[in-house]
Amino acid sequence: MPERVEPCLALLVPKPPEGSQWVHEIKWDGYRIAVHIEPGRIRILTRRGHDWTHRFPAIAKAAEAFQPTTMILDGEAVVLDATGRPDFGLLQQTLGGIGGKKKANSAILYAFDLPYYAGRDLRGLPQWERRKALESALADARGAIQISEQVDASGAELLRVACEHGLEGIVSKHRNKPYRSGSRSGDWVKVTCTRRDSFFIVGYEPSAVLSSAIGRLLLAARKGDELVYVGGVGTGFSDKEAFALRELLGKIATSKPPVVLKRKGAVFTRPLYVAEVRYRAWTHDGKLRHPSFKGMREAADNIAVFELDNKAPLNEA
């Protein structure tokens with residue numbers, strides 16, 4: 001049984017693929033994890049390979065029910081809000097917020113793939129065979145481990161329903177493709193209801209209302225080997241998060257701006273953190289329109305940061 005499996009990644013596309021070779025699932029708004037189950041040991045690994053078994057105790061406890069069978073469950077750890085929808089911000093709060101070390105006792109796993117099962121590496125099998133094995137393995141799953149439902153119907157229809165219910169979007173998977181670790185080959189694709197991307201945090205503007213808090217994060221996208229300023233985000237975080245962000249980012253302040261930008265009162269920082277931002281579109285001058293902060297990760301987690309190309313990737317709206 002491998003010590004770690006690099007996750008298969010989904011490529012962002014503008015609309016769902018159609019055809020009988022594609023199946024579709026809800027896109028869960030949480031942390032990608034792999035649950036390793038073997039006799040006498042349960043491990044929960046993050047996408048980067050950190051052992052977070054102690055931080056998801058309910059998932060770890062639920063995984064014990066499957067011992068002594070060996071398996072690796074690939075899925076998303078989520079926390080549901082009062083309406084039963086996954087909420088990434090709520091998950092981060094449960095884990096203690098930015099830089100927190102708390103346990104997410106209320107987190108549950110939605111499992112959507114099975115790279116390894118009962119002594120066999122299943123990554124070379126087509127998706128439909130791995131899915132059949134997953135459904136068999138989790139036939140009696142309850143509580144903190146559940147199976148992510150798969151829909152064989154139209155991806156466009158599932159996307160419409162997902163957006164109507166305030167969900168993040170859908171993921172579509174080619175039934176006949178193997179599990180490609182670390183790849184955005186297009187075997188898995190994702191479509192979001194509203195635009196949501198990751199951008200480097202390159203500084204902040206202090207709050208004019210709350211002393212020792214941020215008022216706005218300054219964001220940048222990649223363009224080749226450079227970073228390009230794409231605007232700021234000043235909504236989506238609580239007062240408590242605004243104070244925590246000021247303390248965290250103040251420790252990595254730099255006198256050399258990572259982007260070409262002159263802004264009075266701004267504090268520039270090294271691009272060591274990535275903000276996940278939901279937004280509606282782009283302005284004509286290449287800035288985010290109506291952005292809202294949804295969470296933050298370390299840049300070292302190899303999150304796919306938005307990349308500008310030479311032709312305008314912008315959609316005015």
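Anything mentioned here points back to the structure above.
Residues numbered from 1 in each chain as written. Predicted model: local features only at pLDDT ≥ 70, side-chain atom pairs only at ≥ 80, totals over all residues. Heavy atoms only, no water.

S.K.: I'd like to hear about the overall build of the chain, residue by residue, with values.
M.R.: Broken down by element type, the chain carries five helices and 19 strands. Taking 317 residues into account, the globule formula puts the C-alpha radius of gyration at 20 Å, and the chain, at 20 Å, falls close to it. On the principal axes, the C-alpha backbone points of the chain span a range of 60 × 40 × 40 Å. Classification of the 317 residues of the chain by burial places 50% in the buried group. In the chain, the proportion of contacts linking residues at least 24 apart, taken out of those at least 6 apart, comes to 70%. Carbon and sulfur atoms make up 49% of the accessible area of the chain, which totals about 15200 Å². For the chain, the centre of its 47 positive side-chain charges and the centre of its 37 negative side-chain charges are spaced 4 Å apart. (Helix = DSSP H or I, 4+ residues; strand = E, 2+ residues; numbered from the N terminus. Rg over C-alpha atoms; globule rule 2.2 N^0.38 Å. Buried < 20%, exposed > 50% of the residue type's maximum accessible area, 1.4 Å probe, protein only. Contact = heavy atoms within 4.5 Å. Areas by Shrake-Rupley, 256 points an atom, 1.4 Å probe, with all protein chains shown as cover. Lys, Arg positive; Asp, Glu negative; His and termini not counted. Charge placed at Lys NZ, Arg CZ, Asp CG, Glu CD.)

S.K.: Give me the lowdown on the sheet that holds strand 10 (residues 169-174), citing residues and values where you can.
M.R.: Paired through backbone hydrogen bonds, the strands of a sheet run either parallel or antiparallel to each other. Strand order in the open sheet formed by five strands is 1-11-10-2-9, and the pairing between neighbours is mixed. At either margin of the open sheet sits one strand with a lone partner, and together these are strand 1 (11-12) and strand 9 (150-151). Across five bridges, strand 2 (residues 22-26) lies against strand 10 in antiparallel orientation. Note on strand 10: the bridge partner recorded for V23 is K173. Strands in contact with helix 4 (residues 155-164) are strand 2, strand 9, strand 10 and strand 11 (188-192); relative to strand 10, the strand with the most contacts, it is inclined by about 155°. (Pairing = 2+ DSSP bridges. Axes fitted to C-alpha atoms, helices over the stretch in contact; angles between N-to-C directions.)

S.K.: Report on the pairing of strand 13 (residues 214-223), specifying residues and quantitative values.
M.R.: Here strand 12 (residues 195-206) runs beside strand 13; their pairing, made up of six bridges, is antiparallel. Residue pairing across strands places Y204 opposite L217, the latter belonging to strand 13. Pairing of strand 13 with strand 14 (residues 226-233), which is carried by seven bridges, proceeds in the antiparallel orientation. Pairing of K223 across the sheet is with E226, part of strand 14.

S.K.: Now, about the pattern of salt bridges: what can you tell me, with residues and values included?
M.R.: Considering all chains together, one arrives at 22 salt bridges under this definition. Across the pair K61 and E64 runs a salt bridge, and its minimum N-O distance is 3.5 Å. Assessed through its relative accessible area of 58%, K61 is described here as exposed. Among the charged side chains, a salt-bridge network with shared partners connects K27, D29, E168, R196, E276 and R297. (Salt bridge = Lys/Arg side-chain N within 4 Å of Asp/Glu carboxyl O.)

S.K.: Kindly report on the pairing of strand 5 (residues 71-78), identifying the contributing residues and their values.
M.R.: Most of strand 5 sits out of view: eight of its eight residues are buried. Across seven bridges, strand 3 (residues 31-38) lies against strand 5 in antiparallel orientation. Within strand 5, the position partnered with Y31 by the bridge is A77. Looking at chain direction, strand 5 and strand 6 (residues 108-117) are connected through seven bridges and run antiparallel. Paired with M71 across the strands is Y117, a residue of strand 6.

S.K.: Just give me the short version of unusual backbone geometry, but keep the residues and values in it.
M.R.: Among all residues except glycine, the phi angle is most often negative; among peptide bonds, the trans geometry is most common. A cis amide bond links Q67 with the next residue in sequence, P68, at an omega value of 5°. By secondary structure assignment, the location of P68 is in the loop between helix 1 (57-63) and strand 5. We note that A118 has phi near 50°; this positive angle belongs to a residue other than glycine. Its location among the elements puts A118 in the loop between strand 6 and strand 7 (120-121).

S.K.: Describe the nonpolar core, listing the residues and the values that go with them.
M.R.: Within the largest apolar cluster, 46 residues are counted, with the highest numbers of intra-cluster contacts made by V35, F56, I59, L73, L138 and I145. By residue number, the principal contributor to this core is strand 6, which donates five residues. Those residues in contact with L138 that lie beyond four places of it in its chain are F66, L73, A111, I145 and I147. Judged by nonpolar contacts, the second largest core, of 26 residues, contains A213, V233, L248 and L288. (Core = buried A, V, L, I, M, F, W, Y, C linked by side-chain atoms within 4.5 Å.)

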